[in-house]
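# Tertiary structure, described
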Amino acid sequence: MVCGRLPWPHPDTALSAVTATTPTAPPRHPAQGFTLVEVLVALSIVAIALMAGLQATGALTRHAQRQSDILLAQICAENELIKMRLARQMPGVGDTLIACTQADQDFAVALAVRATPNPNFSRVDAQVLKDEVPVLRLSTVVGRY
């Protein structure tokens, strides 16, 4: 007995007979493009990133404005304290409110002169306000000349 394949039907002829009688369908191409869910997820990720960038930009703008206000308030406070020193006399004890305009912005400088245990010195506090909101506070000691 011979082991192995039988000569009939030959594998190539059997396949060719089957394919000749069966109509061929056009080859299937994978779907092209994105699904609606994929597009919506991508849009939501972009929207979240843009919102984070917008918040960071707003925080930087507020910080820059705050720095500008502090710089201008420091100029106002130092001007008033220097005026007091240049007067070459002891300031009177009490509170004074002085208007100050820097870079077209209006500030108010509240000067508070307080006595110290040593009668030759007075403590002077200059608090700068913008729209009645404290911006900066400087303190110094003025002595008798």
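The notes below deal with the structure included here. All figures in this text were calculated on a predicted structure; none of them were measured in a lab. (Residues numbered from 1 in each chain as written. Predicted model: local features only at pLDDT ≥ 70, side-chain atom pairs only at ≥ 80, totals over all residues. Heavy atoms only, no water.)

### Things to note about the sheet that holds strand S2 (residues 105-115)
The 4 strands lie next to each other as S1-S2-S3-S4, forming an open sheet whose pairing is antiparallel. The sheet terminates laterally at strand S1 (94-102) and strand S4 (133-143), the two strands that pair on one side only. Ignoring which end each strand starts from, the neighbouring axes of this sheet average 20 degrees apart. In this structure, S1 lies alongside S2, joined through 9 bridges in antiparallel fashion. Paired with Ile98 across the bridge in S2 is Val109. Packing of helix H2 (residues 36-86) onto the sheet brings it into contact with S1, S2, strand S3 (121-130) and S4, and relative to S4 it is tilted by some 25 degrees. (Pairing = 2+ DSSP bridges. Helix = DSSP H or I, 4+ residues; strand = E, 2+ residues; numbered from the N terminus. Axes fitted to C-alpha atoms, helices over the stretch in contact; angles between N-to-C directions. Contact = heavy atoms within 4.5 Å.)

### Some points on the pattern of salt bridges
Counting across every chain of the model gives 5 salt bridges. Note that Arg114 and Asp95 form a salt bridge whose closest N and O atoms lie 3.0 Å from each other. Of this pair, Arg114 sits in strand S2 while Asp95 is found in strand S1, placing the two residues 19 residues apart along the sequence. With a relative accessible area of 36%, Arg114 lands in the partly exposed category. By relative accessible area, Asp95 is classed as exposed at 56%. (Salt bridge = Lys/Arg side-chain N within 4 Å of Asp/Glu carboxyl O. Buried < 20%, exposed > 50% of the residue type's maximum accessible area, 1.4 Å probe, protein only.)

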